[in-house]
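# Tertiary structure, described
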Amino acid sequence: MAERVVLAYSGGLDTSVGIGWLKDATGKEVVALAVDVGQGGEDMDDIRQRALDCGAVESIVVDAKDEFAADYLMPALKANAMYQKKYPLVSALSRPVIARHLAITARNLGADSVAHGCTGKGNDQVRFEAAIAALAPELTSVAPVRDLALTRDKAIIYAEEHNLPIRQSAKNPYSIDKNVWGRAVETGFLEDPWNPPIEDLYEYTDNPDVLRDADEVVITFTEGIPTAIDGRALSPLAIIEELNILAGRQGVGRIDVVEDRLVGIKSREVYEAPAATALIEAHEALEALTLERDLARYKRGVEAEWSNLVYDGLWYSGLKRSLDVFIDDTQRYVSGDIRLRMHGGRAVVTGQKSEQSLYDFDLATYDTGDTFDQSLSKGFIELWSLPSRISARRDAASK
Ligand code: ARG
């Protein structure tokens, strides 16, 4: 039996041509695997059939939406994950779940390798291959676009010559990746960072300048996980999908950054992530109410480290796994309700409550009857500032 390679298949031009291209270059049978992470658009059955029409020996579709939401996006939410404080890791989070299914499928079908359609210039190649290395070290990774010189022009010619059933969509100048956590748009005129994004780029969000009545929702969290909207219990996936619509029509979650890629390139990226933005805003507010000061402060450092690891393709690393244990432990009391008002491109927290709240009205109030003994502060400050006073004297004496 011929060796087999499992290709992460999107249904687009590159991976469709990649099927025949891989077969010609390696002599292996190609199994196409399309993983649904909520990218929307085409029917997954059409995508499955297209892979067969392009020469795959087998074509598999996996609906990983719930798994993606529960096992990848919820940990990201608990970590308030943002790369460079701005990017909620949309693509970085989907690669590990796609890679997991590549590895499972390869093992089930006795394939010795996997393939993906990434170029050699981005982060996604690193994420796929580092995840495969961690999950199934016996597999090798092939990237037809990068390793087998499959350029876009060659792909178009190949598709025409072989009569492949690929819709030649009007040439889209952008490179787009999307899933339920958001949408990434790069290349085209955006490559000049001085060019402002145009309305045309966006799909998940409406123009925030076109004002409509505000939307208000109450999100219930249970140990860091959103479990209900306005009192309706919903799965993580359903909550994300609903907030994508609500926050999206208020234009929440548009992001425009110059980003530091792992491979050393700075690149201009536009994202839209309405649900991710709203949920992280709400989750951070609930943590402000329920985490003690030192823990909250330390966690912010862990969040940045976690985000860097995930961005850099190290989802399945020992350090990331251990940080998850820490982060999970911090979520023990992160339960309660957050009221969010979404309007004009912003999601703003307007109310917070929790049975586990550390907020003590009697301590905080400036009204009569407060229980905070202000006389204690005098001695506290005396000791708190003692090192400053001693070193200031030393500094003055040694001038
Ligand atoms: N720069 C982002 C990241 O590395 C988005 C990548 C999007 N991928 C794509 N093929 N357009 O996470």
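First, a word on scope: everything that follows refers to the structure included in this document. (Residues numbered from 1 in each chain as written. Predicted model: local features only at pLDDT ≥ 70, side-chain atom pairs only at ≥ 80, totals over all residues. Heavy atoms only, no water.)

## Side note on the overall build of the protein chain
Across its full length, the protein chain holds 14 helices and 14 strands. By the burial criterion, 47% of the 399 residues in the protein chain qualify as buried. Considering only intrachain contacts with a sequence separation of at least 6, the fraction spanning at least 24 residues in the protein chain is 73%. Accessible surface computed for the protein chain: about 19,900 Å², of which carbon and sulfur atoms make up 52%. Side chains of the protein chain give 44 positive and 64 negative charges; the mean places of these two sets differ by 5 Å. (Helix = DSSP H or I, 4+ residues; strand = E, 2+ residues; numbered from the N terminus. Buried < 20%, exposed > 50% of the residue type's maximum accessible area, 1.4 Å probe, protein only. Contact = heavy atoms within 4.5 Å. Areas by Shrake-Rupley, 256 points an atom, 1.4 Å probe, with all protein chains shown as cover. Lys, Arg positive; Asp, Glu negative; His and termini not counted. Charge placed at Lys NZ, Arg CZ, Asp CG, Glu CD.)

## Comments concerning the nonpolar core
Core analysis: the biggest nonpolar cluster contains 80 residues, and Leu89, Leu93 and Trp306 have the highest contact counts within it. The contact partners of leucine 93, leaving out residues within four places of it in the chain, are Phe68, Tyr72, Leu73, Ala76, Pro88, Trp181, Trp306, Val310 and Trp315. Val5, Val17, Leu150 and Ala155 belong to the second largest nonpolar core, which has 25 residues in total. (Core = buried A, V, L, I, M, F, W, Y, C linked by side-chain atoms within 4.5 Å.)

## A word on the pairing of strand β8 (residues 215–222)
Where burial is concerned, the two faces of β8 differ: the one with Asp215, Val217, Ile219 and Phe221 is buried and the one with Glu216, Val218, Thr220 and Thr222 is not. Both β8 and strand β13 (residues 336–343) contribute to a ladder of seven bridges, which runs antiparallel. In the strand pairing of β13, phenylalanine 221 is matched with glycine 336. Of the pairings in the sheet, the one linking β8 to strand β9 (residues 225–229) comprises four bridges and is antiparallel in character. Each bridged residue has a counterpart across the sheet, and for isoleucine 219 the counterpart in β9 is isoleucine 229. (Pairing = 2+ DSSP bridges.)

## What about helix α5 (residues 124–135)?
The α-helix advances 3.6 residues per turn, and as a result positions three or four apart in sequence lie on the same side. With twelve residues, α5 ought to run about 16 Å at 1.5 Å a step, and its terminal C-alpha atoms sit 16 Å apart, in line with that. Every buried residue of α5 is listed here: Asp124, Gln125, Arg127, Phe128, Ala131 and Ile132. Buried residues belonging to α5 abut α4 (90–109), β4 (113–115), β5 (140–142), α6 (144–147) and α10 (293–311). (Expected span 1.5 Å × (residues − 1).)

## Regarding the packing of helix α3 (residues 65–78) against α4
As a packed pair, α3 and α4 sit with axes 10 Å apart at the nearest point and diverge in direction by 140°. In terms of axis orientation, α3 runs oblique to α4. Considering only the axes of α3 and α4, their crossing is right-handed. Taking contact as the criterion, the partners of Glu67, Phe68, Tyr72, Leu73 and Ala76 in α3 are, on α4, Leu93, Ser94, Pro96, Val97, Arg100 and His101. (Axes fitted to C-alpha atoms, helices over the stretch in contact; angles between N-to-C directions. Parallel < 35°, antiparallel > 145°, perpendicular 65-115°, else oblique. Left-handed = near helix turned anticlockwise from the far one by under 90°.)

## A few points about the site of the ligand
Neighbouring the ligand are 14 residues; Tyr87, Asn123, Arg127, Ser175 and Glu259 lie closest to it. Here an oxygen atom of the ligand sits 2.7 Å away from a polar atom, N or O, in the side chain of asparagine 123. Within the side chain of arginine 127, one N or O atom sits 2.9 Å away from an oxygen atom of the ligand. Taking 340 Å² as the accessible area of the ligand by itself, protein coverage stands at 88%. For the shell around the ligand, the secondary-structure elements that each account for two or more residues are α4, α5, β6 (175–179), β7 (182–186) and β12 (266–272). (Near = heavy atom within 4 Å. Polar contact = N/O pair within 3.5 Å; in protein donor to acceptor, adjacent residues only side chain to side chain.)

## Side note on the pattern of salt bridges
The full count for this structure, using the stated rule, is 32 salt bridges. In this structure, arginine 146 and aspartate 147 form a salt bridge, with 2.6 Å as the shortest nitrogen-oxygen distance. The partly exposed category is assigned to aspartate 147, whose relative accessible area is 38%. (Salt bridge = Lys/Arg side-chain N within 4 Å of Asp/Glu carboxyl O.)

## Brief notes about the sheet that holds strand β2 (residues 29–36)
Read from one edge to the other, the open sheet built from five strands follows the order β3-β2-β1-β4-β5, with strand pairing classed as parallel. Since the sheet does not close on itself, it has two edges, and those belong to β3 (58–63) and β5, each with one partner. Taking the axes of each pair of neighbouring strands and ignoring which way they run, one obtains an average angle of 25° across the sheet. Summarising the sheet, β2 and β3 pair through six bridges and their orientation is parallel. Paired with valine 31 across the strands is glutamate 58, a residue of β3. Where helix α2 (residues 44–53) meets the sheet, its contacts fall on β2 and β3, and the angle it forms with β3 comes to roughly 160°.

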